[in-house]
Every structure is written in C-alpha cells, then in structure tokens.
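# Survey of secondary and tertiary structure
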Amino acid sequence: MLRLITRRLIFAVVTLWVVSIVVFSAIELLPGDACQAFLGQMAQGKRLENCRVEHDLNAPAYARYSKWAIGLASGDLGKSIKRSKPLEEIIGPRFRNTVILGLTAALVGIPLAIVLGALAALYRDRRADLWISFIAIFCMTVPEFIIGTLLISFFSVWLGWLPGIVIMRADAPLLDVLSKIVLPVMTLTLVMVAHIMRMVRTSMIDVLASDFVMMSQLKGVSRLRQVVMHALPNALLPTINLIALNIAWLMGGVLVVEVVFNYPGIGRLSVNAISDRDFPLVQAIALLMASLYVALNLIADLLALVLNPKLRTRGAKV
Amino acid sequence: MSSAPAMLKGVMATRSGKIGVVLVGFHLLLALMSPWLVPYDFAAQTALVDHAGPSLAHWAGLDTLGRDVLTRTMLGGREALLVTIFGTGLAVVWGSFFGVLAGYLGGRIDELIMRSVDIFLAIPWMIFLLLVIASFGNAPIVMILTLGFFYGIGVVRMARAATLEVVVKDYVLAAKARGESPLSIMMTEILPNVRDVLMVESAMRWSWMLLAFSALSFLGFGVTPPTPDWGLMIANSRIYLALAPWPVLMPMIALSSLIIGINLTADALAKSLGVDKTTRALV
Amino acid sequence: MTGSLLSIENLSIGFTGLNDQPIFIVRDVNLTLAAGETLGLVGESGCGKSSLLLAMMGYYKQGLGRLRGGIAYDGQDPGLVSSQQLQALRGGGMALIPQNAGQALTPTLRIKAQMVEVLRLHSDLAPGAWHARCLALFERVKLPDPEEMLERYPHELSGGQQQRVAIAMALAGEPDLLLLDEPTTGLDVTTQVGVLSLLQEICRDLNTAMVYVSHDIQVISQVCNQIAIMYAGEIVEMGPRADLLNQPVHPYTQGLLASIPRLDQQTLPHPIAGEMLQPVHRGSNVGCGYAGRCALATDQCREIAPLAQPIADRWVKCHEVTAARAGEFIRPAQKLLAPNLSDSELLAVEDLSVRYQAPTWLQSLRGQQPPAIVRAVSFGIRKGEIKGLVGESGSGKSTILKTIAGLQPSLSGRITLSGTDDLAGPVESRPRRCLRKVQLVFQNPDASLNPRKTTGEILRRPLELYFDLGPGVMDEEVDALLQRVNLPESYKGRFPGQLSGGEKQRVAIARALAAKPELILCDEITSALDVSVQAAILKLLLDLRADSGVSLLFVSHDLAVVETLCDSVLVLEGGEVREAGSCAEVFKNPQHAYTQALLASVL
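Residues numbered from 1 in each chain as written. Chains lettered and ligands numbered in written order. Predicted model: local features only at pLDDT ≥ 70, side-chain atom pairs only at ≥ 80, totals over all residues. Heavy atoms only, no water.

## Side note on the overall build of chain A
Helices and strands together make up the secondary structure of chain A, namely 14 helices and zero strands. Dimensions along the principal axes, computed over C-alpha positions, put chain A at roughly 85 × 60 × 35 Å. The buried share of chain A, taken over its 318 residues, is 53%. Look at the contacts in chain A between residues 6 or more apart in sequence, and 75% of them connect residues 24 or more apart. When the accessible area of chain A is evaluated, it comes to approximately 14500 Å², of which 67% is carbon and sulfur surface. (Helix = DSSP H or I, 4+ residues; strand = E, 2+ residues; numbered from the N terminus. Buried < 20%, exposed > 50% of the residue type's maximum accessible area, 1.4 Å probe, protein only. Contact = heavy atoms within 4.5 Å. Areas by Shrake-Rupley, 256 points an atom, 1.4 Å probe, with all protein chains shown as cover.)

## Details of the side chain of Thr208 of chain C
Structurally, Thr208 of chain C is set in the loop between helix H8 (189-206) and strand E7 (209-214). Take Thr208 of chain C: its relative accessible area is 5%, and that puts it in the buried class.

## Considering the domain arrangement of chain C
Residue and element names in this part refer to chain C. Parsing chain C into structural domains produces domain 1 (248-335) and domain 2 (345-601). Taking only C-alpha atoms, the centre of domain 1 and the centre of domain 2 are 33 Å apart. Contacts between domain 1 and domain 2 engage 14 residues on the former and 16 residues on the latter. Of the roughly 1200 Å² buried between domain 1 and domain 2 on both sides combined, carbon and sulfur atoms contribute 69%. It is Pro261, Leu263 and Pro271 in domain 1 that bury the most area against domain 2; as a group they hold 43% of the surface buried on that side. Between the two partners, domain 1 and domain 2, sit zero salt bridges. At the boundary of domain 1 and domain 2, one finds two residue pairs in polar contact (both at pLDDT 80 or more). Tallied by class, the residues present in the side of domain 1 that touches domain 2 amount to eight nonpolar, two polar and four charged. (Domains from an automatic or database assignment. Buried area = accessible area lost by both parts, 1.4 Å probe. Salt bridge = Lys/Arg side-chain N within 4 Å of Asp/Glu carboxyl O. Polar contact = N/O pair within 3.5 Å; in protein donor to acceptor, adjacent residues only side chain to side chain. Nonpolar A, V, L, I, M, F, W, Y, C, P; charged D, E, K, R; others polar.)

## Details of the interface of chain B and chain A
Listed per partner, the contact involves 50 residues of chain B and 52 residues of chain A. Both faces considered, chain B and chain A share a buried interface measuring about 4600 Å² in area, 78% of it formed by carbon and sulfur atoms. Counting across the chain B and chain A interface gives one salt bridge. A salt bridge links Asp267 of chain B to Arg198 of chain A; its shortest N-O distance comes to 3.5 Å. Connecting chain B to chain A are one residue pair in polar contact (both at pLDDT 80 or more). Elements with a minimum of two residues in the side of chain B that touches chain A: helix H5 (107-122), helix H6 (125-136), helix H7 (140-167), helix H9 (182-218), helix H10 (230-237) and helix H11 (246-273) of chain B.

## Remarks on the sheet that holds strand E4 (residues 65-73) of chain C
Residues and elements named next belong to chain C. Pairing within the open sheet is antiparallel, and its three strands lie in the order E2-E1-E4. Strands at the two margins of the open sheet, each flanked by one partner only, are strand E2 (22-34) and E4. On average, adjacent strands in this sheet sit at an angle of 5 degrees to one another, irrespective of strand direction. Taken together, the nine bridges between strand E1 (residues 4-16) and E2 define a ladder with antiparallel strand orientation. In the sheet register, Ile8 faces E2, and the bridge partner there is Leu31. (Pairing = 2+ DSSP bridges. Axes fitted to C-alpha atoms, helices over the stretch in contact; angles between N-to-C directions.)

## A few points about a nonpolar patch on the surface
All names here are of chain A. Together, Ile10, Val14, Trp17 and Ile21 line one region of the surface with nonpolar side chains, adding up to about 390 Å² of accessible area. Note that Val14 resides in helix H1 (residues 2-29). Note on Val14: relative accessible area 35%, which makes it partly exposed. (Patch = residues over 30% accessible without salt bridge, like charges linked within 9 Å, V, L, I, M, F, W, Y side chains within 5 Å.)

## Topic: the nonpolar core
Of all hydrophobic cores here, the largest spans 193 residues; its most connected members are Ile91 and Phe145 of chain A together with Tyr151, Ile190 and Leu219 of chain B. Residue contacts for Ile190 of chain B: discarding those within four places in its chain leaves Val100, Tyr104, Thr163, Val166, Val167, Val172 and Ile185 of chain B. (Core = buried A, V, L, I, M, F, W, Y, C linked by side-chain atoms within 4.5 Å.)

## Overview of the interface of chain A and chain C
Contacts between chain A and chain C engage 22 residues on the former and 29 residues on the latter. Summed over both sides, the interface between chain A and chain C buries roughly 2400 Å², with carbon and sulfur atoms accounting for 57% of that surface. Taken as a group, Met215, Leu218 and Lys219 of chain A account for 27% of the area that chain A buries against chain C, more than any other trio of residues on that side. Between chain A and chain C we count two salt bridges in total. Residue Arg225 of chain A is joined to Glu117 of chain C by a salt bridge in which the shortest nitrogen-to-oxygen separation is 2.8 Å. The interface formed by chain A and chain C holds nine residue pairs in polar contact (both at pLDDT 80 or more) in total. Those elements that provide at least two residues to the side of chain A that touches chain C are helix H10 (211-218), helix H11 (223-261) and helix H14 (309-312) of chain A. Looking at the side of chain A that touches chain C element by element, the count peaks at seven residues for H11 of chain A. Here the side of chain A that touches chain C is built from residues that sort into nine nonpolar, six polar and seven charged.

See the structure below:
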C-alpha cells in the first residue's frame, strides 16, 4: 500500500516534469521567439533586441528551460512580456477564482450525478431513466456557450434574477465571488453531471446485475439498503478514476464558460494571453493547469486505494 | 458480421436511431449542397435593415451587419463538418493503432505507450489548441491535425481497454500457438472484435470534436470572418439576444441538432451492436 | 396440500416473445416438499433448474416472469405477498446458498457486516449477541479461526471458505427451507467432499428441508433423498433416490446415467444424440420435449405431451414406459483395451520447471526467486498414446500444457518432439514445420473460436498456414474435416454464435486436426460441456486416435474422464509429479497418499 502511494507520487512528479518540457519545447517550436511573436510587425531593430535582453531570450534553450524550471520549483512563475506585474500576482487571484468555480461545480455536480446515475440505473429503460438520460444527452451535446447563453437569457434577461455576466475584479473577496458564480457554476455543472451520470449509470447497471446484489435481495435486505450498501460502493469504485480524468478533460470547457460569463479566472486569462501572444504567461498557465490535473488524478488514485478493500488489505497485488 | 446496410438497419430499428440518422443525413446533405441552395451571398450586407426579424425575403431575418441569417446558417456547418470528420478519422486511426498495439503487446511497450498517454492527458489541450492556431493560423489542415492528435489520446485508452478484453480470449491464444504473426493476429483476430466498440466510440468522439470546434470558433479561433460558422455567429450575436434572437437561435438549433443527431445515432448503433456497456468516458 | 412446506402447481416461467408467443424456460412443473425433506433437481445447462429454484423465493431473473401456475410456501405465494412479508420470507423462511459464493459476497463489505445483516433482519437476538452468534455459526460450518474470518473481506478467503461463509449466512436466519444452487460447482474435488459432508450433517442435525439444484447427479445423490430429473423446462421423472438411480425409467434419465463416465465401469459412457430443445421452441412443441433425441419416440410422443404417471413411489412423464423399462435402447460400447503402442517416444519432457514472473529488480537484489508453478516435471508420450494429466487447481497441469505449446516460457528443462525438434523455446522461435505437429484445444469453446469468422474460415486458416493447397483442394479438405468431427458440411457458413457448445468444441478439434498434428494438447476440453455431450466428444477423441494414431495430452480434473479416455496418467500436486503410470495401475492401486485422497473424493 505504502509502495503504491509512493509510486503514484513519483509518477505525478515525473508527469509534471515531462509536461514542463513539452510545454516549453512546444513554445520553442512555434515560429519566432516570444518577443517576435509579441511585437509582431514591430519586431525589429532595437526594440526587439531590448525585449530579448529583458527576457533573456539570447541564452540557449536548455539554459532558459533550466532557469524557468528552477524558478517554477521555487514558486517563481516567470515574467510576463506584456504585463508589468509579476506573473504570480496576475495568475494568483484568477487561479483562485477558477478553483472556486470548479470546486463549487464539483461539490454540487458529483453528488447529483451519482444520485441521478443510480436512479437511472435502478429504473433502467423506464420513464425516469429515459427522462434523465434524455436530459443528460441534451446537456452533453449542447455546447457550454449555448447553455450559458440560454441560461443568461432565461435567468437574467427574461426573469432578471441574476446578473448575466460577472463584473468584478479578479481579486474580489471570496464572498463576492461566491455570490456571482451561480450561472457559471450551473453551466459547468450541467455538462459535468451529464457525463458523470452516464458513467455511474453504466457501472451501476453492471453491478445491479451481479450475483452479490441478487444475493443481498434474496437475504431479505430492503431495496434501499441493497442499493446504498451493496451496489453503490461497488459501482463507484471503478468510476472514481474515470470521473477524475473526465473532470480534467472538461477543464477545457471552463475556459469557454469563463469567456461567456466574463469571469476573471485563468481560463479567460489564457485566452487573453494567447491573443496577446504573451508566451511566458501562457507557459505558466499551461503548467498550472497540468498540475491541477495531476493533483486531481492523484487524489482519485489515493481515494480508490483507500476505498477498495482489494487494494488496501493483505495480499494486495501491486 | 454486420455489413454497413445491416448496421443502418439496426440503427433505424429504434425511434431515436431514426431521428438521429435523419438529423445527421440532413446535415451532411446540407453541407454538400448548400452552396447551390442558399438564397443570398453569405457576405452580402443589406445595410438599411440590420437586425430585421423574419420576413418573406429573409426567412430567418438579418444579423448585426445586415447579412441573411438563413444563408449563413445553411453554410455555417461546412467547415466544422470538414474539420471534424477528418479530425475524427485521424484520431481514430492513430489512436486505435497505438491502443491495439499496447493492448496486444503488453509489457514494456504497453507501459511506455500508456505512460505517454497519461502525460499527454495532463497537457491542457484547449490552451494548446489555441496556441497552435494562434501561431499557425486556422487553416482546416492545422485544425484537423491538432484536433486529431488530442482526441486520439482518448482513443488510445479506449482501444486498449477494448483490446485487453479480446486478447485474453482463447482464440487469440490459439492463433499465437498456431504461429501466426503479431500483425496477422491484430488484423484478423483482434480488430474485427473491437471494431464495434471502436465505431460507437468514434461516433461519440465526432460529436465531442464538433463541440470543441464550435467552442474554438466561439472564442474566435475557428474560422476567419466573414466565413459563416455557427460558433462564431453565436459569439457575435449573443449580446443582442434579447433584441434579435434569430441570429443566435438559428445557428444554435443547427449545431445542437447535428450533435444530438450524432449522439442518438451512436446510442442506437451501440444498442444494436450490443456494445452499449462501454462506459463512454471522454478520455 | 396440507402438511407440505412448499408446493408448486403447474408453474411455468418464461417471457413473452414476438407475436405474444410465450417462451418457456420452465413449463408446467408440479412438486411438493414436506418439512425436513431433501429434494435434488438434476438437469443439464439450460433446462430451467436455476430459474425454478429462484422462483421459489419469488425471484425472477431480468426479463423473466411467472407465466402461469402457483407457488405456495407455508401457505403463502411469494409472488403475491407484500414486500415486507417477502423480505421476511427471504433469508428467514427460506435461504439461498448460491453457486459461486465468491461472487455472491459483496466485495466492499467485511464478512461480519454481511453476517450481521441477516441476523438483524431475521433473528430476535439483541445486537450484543450478534457477534457470538456469528462465531457459533462459523464453528457450525467448520471455518477455521472464526474471529479472524469475521474481520476479513471476501477476497481474502479461499473458495471453500467463501462457500462455508455463504452456508453460515443462510443458516443465520434459521430457515425451514434451504435452496442450494450448485453450491459445489467450481470447487476442487477434495474441497467439494468437505462441503458436501457439511451439508449432509446440517440436514441431519437441523432437519431443514432442502432443494438442491445441480447438473451432477452424483453430487445430488450424496445429499438428497428425493430426486427430480429436469429436461427442457419440465420435470420428467421424480422419485426416491435409490429407485431412480438403480432403475431409471424415463429414457432421458437412463441416457443421462449412461453418459456419466465412472471409474469402476467396463463400458464407455454412452452419449445422447442431438440437442436439448431451446426455450423458443418449447412453446410450439406439442409433444414430449425429449422426443427429438429419444430412441423410443413414436408418433404419439411427437404429437401429445405425456402426462405424469405414477410408478410405485415415483412418477414419470413418458408414453413408452414399458419399452423404456426394458432398457434395451442403450448399449454402451466396451472400453477398449489400450492399443499396442510402439515404443518410439513422440514427446519427451525432462526436468521441466516453469514460473510466471521473472524476479523484479527488488527481488533479484535480495537474491529472492518468485515461486515456480511447475517443478522438475519429467514424462514422455509415445506415438498414439493418450496421456492424462490430473490435479486440482494450482497443480500446474495447464501450465505444462501451455509450455509445451510454446505460450509460456520455461525456466529450465528440455522438451523434445520426435527426438529431434526442440520445443523448449516460445512459439516465435519454432519453425513452422514444428508448430504444425503440436496443436492445442481449449477448455471453453465459447472463447476459443473467433466469433467474427465462419466455421469454414476458421478451418481454412491452419490449412493456409501449414500447407500449400489449391482453392479446390482447400474446400474439399474443409468438408473432410467437418465430416471427421461428425458435423454436416453445411456448417461451413455458420458463425460460432450459431453453434451449440458441443458443436463448437467439435469445430475446435477439427481446427487442430487440420494441421495433421502428431500431438494434440487438450486443456479440460470437456469440462464446460454437459455430460451427454461430453460422452460424445470422448468417443470422438478415441475414434480419432484409432484412425490416425495421433497422440493426446489430456488435462483434466475429472478422474473418471481420464480413466475412460487415457492410457496412462500423471498425477500432479503443487507443480510436482506425485504419481505416474498406466491408468489401470494408478487407479486400481494408487501408491501416493495424494492420489488416494483424490480417488477417495470421486463420488
């Protein structure tokens, strides 16, 4: 068990290291260096040279990479080309906002998805399942920006209950943030619930057909207990990792949601950074999001380890 | 075992499958024929009456710039379909190749492929897509290659999982014992038996790639104006939604109906092929 | 129907198919069971025995339901009572002991939690007494170290222990009726004997009534006083154990008993021709369900369903009772004496050791070795010899087979074919000429044929690989192969999904024959088949040997099958040879204690 955990930890670190190389070299491979890209038409003569000197672009790639990597390890994200503030100050509050958004959506969405998935499986092919599955297909297939737009027009334009777009400073206090994220959270949640619910449903259908659920029923156990004690834990175990992977994949959607609602998070920041060709900023954000992904999967791995008696107990095979 | 017509028949056996096939077929036909069917030039502006509602001349009204919304909607899916069909094809081909290879060979090669997949999954794909497009432009070939690459990563995982279920079967062992070459085993014993799962998953992935493409064009990275595209049309007109719903609603309906159609078809296909137990995870 | 604990009247189970036509899994079953009585339901796979058993608890598998008829347990119909009453009945009045306890225990709950669940629902004990009661139950079923067992998870128990836990769990609610669904299938023979004697003991001491479902009439006869024979959804004969075993009346019962290989018999097991009627056809069939396979069937049998008629203490559903009792229709062949084998050795295995994993770097650093699965095994097979390899699970018998086939690398030792060909290396390193000579047939015919290929394509592949034949010759060759395994030529176009289990296994054998091998490796090739089909496959193998002089290495856990088929035998335990010799010697006069124990476990 301890060996398993160490292995996962080591792999997480290695992943981040490789990702940092990939991110760095991808940006290296793009036509022109960061200064040329940023300055565009004006990239010539003194101006370009100054920029290159300021951002240390004349050093060879490996030297710049090691400098960047060492900086990252000590919490220094680097220097923006366009913005004068240190990257930590630009990214910090926005990163917090994105985490708040994602976390709230996950806290609302995951339990909801599990309940709906279990219900759909229990009432498989009957009316409740058909409705849940139909709505899920709708939420999965309609793009986030359409759902977001529809929610805005319904709740803020038509009903006038909620603000349509988020107007706040990136470093607004936590309470302020929370009061403004209802619609973005709702959009994210709908998509996430739809995906996770389908996974839970499939896994639950498998488990409900298993011998041990039948056995619990034939022991006279009530339906609720059959589902909660016998079926659900066994249905969720194999989905934990899958859920983490998919949430991470759905993080791409966060970017769109933040743009739709004008929400000051790193998603929108990254779009702006790319539009500005501020490559150091893009680099930093990409690595930050990769860390988020790695952390999420690490948590899921550990959770699966802790919850699965087959991995946790004696005789566990590595 | 099942040929293409037999598969279509299986899909058409359910009501939702029928709806799906009709929707997808309609969109494909429209994409092929629309240049000859549209009533107006997609860039022509009727300057006098912007934001006009539906009229006899302009059935779906005009947009902010006074362009015909119906024309633009009819044309707005062509690039999306072009990019995603080829992109999905690319993703499925390279993804299944490595997935089947990893699943069949196992051991070190499997470890190497899957660890690489894990690492590539950690890369924020959306940011990368935007970066590539920002640097190399949004020509269809660029989009196809990048989307095809990132979506293929999920296919590797899925194809490997499907292969792992097949390799343990005795008929694969029998082929090995007979002295068949690995290539022949993969082609004749494994591929035919993972084909159904691959097809259903590819259909699902096609719809997800459409989602990604439309998100890109919503962000302004997909197509270059004035080329009509649903995502871009929505992005440009959504702030006027309360004022003029048509320029937003038309592309919304078009895009959603296509993606829902693909999903319904994929679901019906899965049911008729008996592979509806696959988890259909995104990655 | 007073005095009976359980009575079933005209019960039919099934589902409604296309055009509202009923599809019968179980059809018009009548039976009664008094308190304390033990009834065994015997039948081959697909006969509806498990569906009948579960229906007694008011449970129907997905999609199935009761089509007509009534069930009464203690005067109540489990299909009509409220869900509270049903919950009290299940586990309280009657309890199920499932087929595969390993899968019937919830993997995420400790054994204790699952035991206590029953006690809370079905006993009056105070929560404080639960623990002691669990321990008492575990001692009752002779589980070692009960305290420790309670804290474990299901996967930490051996197969036999899991089954004992399932029995303890069933006893926890103090039921009046125990329902057993093949509780010993999948256990090793020596474990099976232990569980069966426990069940006998429980019957005797607790006077609990039992319905015991199994495909194995010998297992049933260990535990049950009454035996009912099921065929194609119906009970065709039912009566006291001794009557039924000694003087079976129904042609199917006779056929079933004659098809079972036995250690002490001089005759070969006699197969029943044909296939069981599938559920889809049971509805439209107006006559006797067995008429299609019955040697005595008349027009009457095909047109009118026979009614149950009493004979002394039992009853039989058959029109031709007189003819059946004469019993002339089954004439089993005499066992052949082993042919005079030439002295030339075909395969020589010397000092073979195999292990699954190479040592990890950590192990090699510490100088450790992972345990070997097979240790220093040596034996030889002569031309035309059939050699049996017997042992329980984990004895390494299949591993040896895979190593000879080149699918599992060996650690040390030599394998030589015809004195010259070296088989020590894996498949990839063997020349094609060498590969052709050794062919493999697998246990499970469902998994050994590619479902996407037709029978013709499956048989053609080895021909293409090993021989240079023209297309016309190829087709003839395929037809000849089908003929050799007694399948019609029309089967060429069929996919494996369209064949029955026995037919698939014949195709698998034909695929091996296509290579014109000198040695066929058979890995438990009859154990997934019904006995009546198994008998036919055994006969086929003997015929093939007689015709072509091919040698067979036959791996099996079933000693009676090995005794029937093989010339010589090798007894394995824990990867080592315990005893070797000719079948006659080893089975008549076993020398090693393990062989004796194995033979004592044969029912």
